[in-house]
Amino acid sequence: MSNPALNYRLRQFITDFAELLTKESAEPIVLEQGSQLLKQLIEHDDWLPDAFAQPHPDRYQQYLLHVDSAQRFSIVSFVWGAGQKTPIHDHRTWGLIGMLRGSELSQHYQRSVNQSLIPIGPAHQLQVGQVETVSPSTQDIHQVSNAYSDQTSISIHVYGANIGAVKRATYQPDGTEKSFISGYSNTLLPNIWDLSKEPATS
Ligand SMILES: [Fe+2]
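Numbers given to residues run from 1 along each chain, matching the order in which its sequence is written. Under the rules for a predicted model, residues below a pLDDT of 70 receive no local features and side-chain atom pairs below 80 are neither given nor counted, while totals for whole chains, interfaces and linings still include all residues. Excluded from the side-chain calculations are hydrogens and water; all other atoms, namely the structure's heavy atoms, are used.

**Concerning the pairing of strand β5 (residues 104-111)**
When DSSP finds two or more bridges between two strands, those strands count as paired. Think of it this way: any DSSP run of H or I at least four residues long counts as a helix, any run of E at least two long counts as a strand, and we number them from the N terminus. Bridge count for β5 against strand β7 (residues 124-126) is 3 bridges, and the pairing is antiparallel. Among the inter-strand pairings, E104 is bridged to a residue of β7, identified as L126. Note: β5 against strand β9 (residues 142-146), 5 bridges, orientation antiparallel. Bridge pairing in β9 links L105 to S145. Sheet topology note: the β5/strand β6 (residues 117-119) ladder contains 3 bridges and is antiparallel. Its bridge partner being in β6, Q110 is matched across the sheet by I118.

**Things to note about the UniProt feature "binding site: Fe cation" (unreviewed entry) in the chain**
UniProt positions are given in the numbering used here, feature names are shortened, and annotations may be inferred rather than shown by experiment. Sites flagged by UniProt as "binding site: Fe cation" (unreviewed entry) map to H89, H91 and H142. On the basis of their most widely separated C-alpha atoms, the annotated residues across 54 residues gather in one place, lying no more than 9.2 Å apart. Following the sequence through the fold, H91 ends up in the loop between β3 (88-89) and β4 (95-101). A relative accessible area of 1% places H91 in the buried class. We call two residues in contact when some of their heavy atoms are within 4.5 Å. Setting aside its immediate chain neighbours within four residues, H91 contacts V134, D140, H142, Y159, I163, V166 and R168. Within the local environment of H91, its side chain forms a polar contact with the side chain of H89, the two groups lying 3.2 Å apart. We call a residue buried when its accessible area falls under 20% of the maximum for its residue type, exposed when it is over 50%, and partly exposed in between, using a 1.4 Å probe and counting protein chains only. A relative accessible area of 2% places H142 in the buried class. Contacts described as polar in this section are N or O atom pairs within 3.5 Å, which, within protein, must combine one atom able to donate a hydrogen with one able to accept it, while residues neighboring in sequence count only if both atoms come from side chains.

**Comments concerning helix α1 (residues 8-23)**
Owing to its 3.6 residues per turn, the α-helix brings residues three or four apart onto one side. Over its 16 residues, α1 extends 22 Å from the first C-alpha to the last, a length consistent with the 22 Å expected when each residue adds 1.5 Å. Along α1, the residues classified as buried are R9, L10, R11, F13, I14, F17, A18, L20 and L21. Each element contacted by the buried residues of α1 is listed here: α2 (27-42), β1 (61-67), β2 (74-80), β4 and β10 (153-159). Take the number of residues in a helix, subtract one, and multiply by 1.5 Å to get its expected span.

**Concerning unusual backbone geometry**
Phi angles above zero are rare outside glycine, and Q71 is one such case at about 55 degrees. If you trace the backbone, Q71 turns up in the loop between β1 and β2. For Q115, which is not a glycine, the phi torsion comes out positive at approximately 80 degrees. Position of Q115 among the secondary structure elements: in the loop between β5 and β6. Note on Q115: relative accessible area 42%, which makes it partly exposed.

**Things to note about the side chain of H142**
Locating H142 in the fold gives a position in strand β9. At 3.1 Å, the side chain of H142 and the side chain of H91 are in polar contact. At 2.9 Å, the side chain of H142 forms a polar contact with the side chain of S106. If near-sequence neighbours (up to four positions away) are discounted, H142 is found in contact with P87, I88, H89, H91, I97, S106, Q107, H108, Y109, E132 and V134.

Pasting the structure below:
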């Protein structure tokens, strides 16, 4: 259960991330320092409003939590129902993925000389509290699945753009691309700004 008195966790994260992007533009530094900020956010699983933690019986959900006013970054909660997975896809911007609840598997791919996709090693399992990165400058093509066939998993993602509006691609194993714009599952955003709900000290 989420607690409105703990909205400050997400609010502080937004403030700190915006400050980081104002100070730093080099992607490796943003990913390194941003990972530390995301680890601090997902250290506690008590702040994500329940409305943004609901699985859908048929498909994974991507709930927008925040977009920076200059669209420098966006924050999304990905909610995986039991056994759900993405298609193979890319991002076309840097991304941070932090495991809040449950566990997920990420299988990265690279193109072969004939353009088909080859898995890079075994799938990487992300556990609660861990953060991984994606980027067009390193590894940007992957497929993500809920590591559990019998429970919901939730990860918090940060991207270097308004990710739901980015034109990117899904892939078939033979490398065939299909253009897509993901959008978001929600139409309303969490209200993390009602300070009357919070202790005066926070
Ligand atoms: Fe992804």
